[in-house]
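# What the coordinates show
Here's the letter readout for the chains.
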Amino acid sequence: MLENLTTETRNEKTMNLDEMSIEEFLTVMNEEDAKVAAAVRNEIPNISKAVEKIVTAFKSGGRLIYIGAGTSGRIGLLDAVECPPTFGTSPEEVVGLIAGGEKAFIKAVEGAEDSEELAIEDLKEIKLSKNDIVVGIAASGRTPYVIGGLKYAKEIGASTIAVSCNKGSKIGQEAEIAIEVVNGPEVLTGSTRLKAGTSQKLVCNMLSTASMVGIGKVYGNLMVDVQSTNEKLVERSKRIVMEATSCTYEIAEEYLTKSDQSPKVAIVMILTGFSYEQAIEQLKKSEGFVRKAIQK
């Protein structure tokens, strides 16, 4: 029942929300938001296990697939679409599915989240395989669409992770790893786009970023597989090469041209003296890790 869920209980600090001054309410809201990072910290052991699973999936040629409804689905989609420009992944490597389809990102599709079958259809459409990993996201932990998706993933043999904001969640029971971040009641009762949504975004940030580190998409703390798809990212690529090699702006620009605008390849070329072809081959032998490539 909804009344038993932490995400649906009333917050004692905001019982007179409609009588508070703007500054009073914003102060309380900020205090409540400050609790989110600590709540996520409590789940780091489970998040760590999840990252290990995702890295294994990637190394097996599998995909990271987020599945959710409403705010939860949008958060998964947001994380998925940011991976190609940040880490140079293909759009197929990290996928976001939302109940009701892409149109549900900007407008609610009534009833879509209540269908387990719809999730199965969506996963079949993208040809879910046993090499993939499915991350079901639902603040309440009881969304039928997410439950259906996790059940089907298990049938296929894919790995499963559940991200919710209630302990003992239904989606957690359906998954191999349950990440259950308990943030306490929302300042606006049941509005899980607030603390719950913030915590889900933090968890997704961790899952994708740490996994990308685990498959060689990072050198030091530099995003060496960034795609130069706009002027800002072209300049960022140059700065990344400069930071990694201590070279000048002009040399970074020169080697990015030689490396077909790949900061990772440019860095290996500069630090080893390799040609473009040799750098590509060295990175392949090093499974994409710059540090391993330059040490060999």
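How each quantity is defined
Each chain carries its own residue numbering, running from 1 in the written order of its sequence. Local features in this predicted model are restricted to residues whose pLDDT is 70 or higher, and side-chain atom pairs enter the listing and the counts only when it is 80 or higher, whereas totals over whole chains, interfaces and linings include all residues. Heavy atoms from the whole structure form the basis of all side-chain values; hydrogens and water molecules are not counted. Strands here mean DSSP runs of E at least two residues long; helices mean DSSP runs of H or I at least four residues long; both are numbered from the N terminus. Pairs of residues are marked as contacts when any of their non-hydrogen atoms sit within 4.5 Å. For helices, the fitted axis covers only the stretch in contact; all axes are lines through C-alpha atoms, and the angles between them, taken along N-to-C directions, range from 0 to 180 degrees. With respect to orientation, any angle under 35 degrees is reported as roughly parallel, any angle over 145 as roughly antiparallel, any angle of 65 to 115 as roughly perpendicular, and every other angle as oblique. Each crossing gets its handedness from the near helix: less than a right angle anticlockwise from the far helix is left-handed, clockwise is right-handed. Each residue is placed in one exposure class: buried if its accessible area under a 1.4 Å probe, protein chains only, is under 20% of its type's maximum, exposed if it is over 50%, and partly exposed if it falls in between. Here the rule is simple: two strands pair whenever DSSP picks up at least two bridges between them. Whether a crossover is right-handed depends on one test, that the path from the first strand over the helix to the second runs clockwise when the strands point away from the viewer.

## Observations concerning the side chain of serine 208
- Its place among the elements puts serine 208 in helix 8 (residues 195-214).
- In contact with serine 208, not counting residues within four places along its chain, are Tyr66, Asp79 and Cys83.

## Examining the packing of helix 9 (residues 231-245) against helix 10 (residues 249-258)
- Where helix 9 meets helix 10, the axes come as close as 9 Å, and the angle between the chain directions of the two elements is 110°. Between helix 9 and helix 10, the interaxial angle falls into the category roughly perpendicular. Handedness of the helix 9/helix 10 crossing: right-handed. In this structure, helix 9 contributes Glu235, Ser237, Lys238, Val241 and Met242 to the contact, and helix 10 contributes Tyr249, Ala252, Glu253 and Leu256.

## Some words on the pairing of strand 2 (residues 94-98)
- The element strand 2 is extensively covered by neighbouring structure, given that 5 of its 5 residues are classed as buried.
- Where burial is concerned, the two faces of strand 2 agree: the one with Val94, Gly96 and Ile98 and the one with Val95 and Leu97 are both buried.
- Pairing geometry for strand 1 (residues 64-68) and strand 2, over 5 bridges, is parallel. Looking at the pairing, glycine 68 lines up with isoleucine 98 of strand 2.
- Viewed along the sheet, the connection from strand 1 through helix 4 (residues 70-87) into strand 2 turns out right-handed.

## A look at the environment of alanine 99
- Structurally, alanine 99 is set in the loop between strand 2 and helix 5 (116-125).
- Judged by relative accessible area, which is 5%, alanine 99 ranks as buried.
- Taking the C-alpha atoms as reference points, alanine 99 and threonine 198, separated by 99 residues in sequence, lie 20 Å from one another.
- Once you skip the residues sitting within four places of it in the chain, alanine 99 turns out to touch Gly68, Ala69, Ala104, Ala112, Glu113 and Tyr145.

## Some points on the sheet that holds strand 1
- On the basis of which strands lie adjacent, the open sheet formed by 5 strands has the order 2-1-3-4-5 and parallel pairing. With partners counted over all chains shown, the strands left at the sheet margins are strand 2 and strand 5 (177-180), one partner each. Direction aside, neighbouring strands of the sheet carry axes that sit 20° apart on average.
- With 5 bridges joining them, strand 1 and strand 3 (residues 133-137) adopt parallel strand pairing. Looking at the pairing, leucine 64 lines up with isoleucine 133 of strand 3.
- Across the sheet, helix 3 (residues 44-59) lies against strand 1, strand 2, strand 3, strand 4 (159-164) and strand 5, angled at about 135° from strand 5, the strand it touches most.

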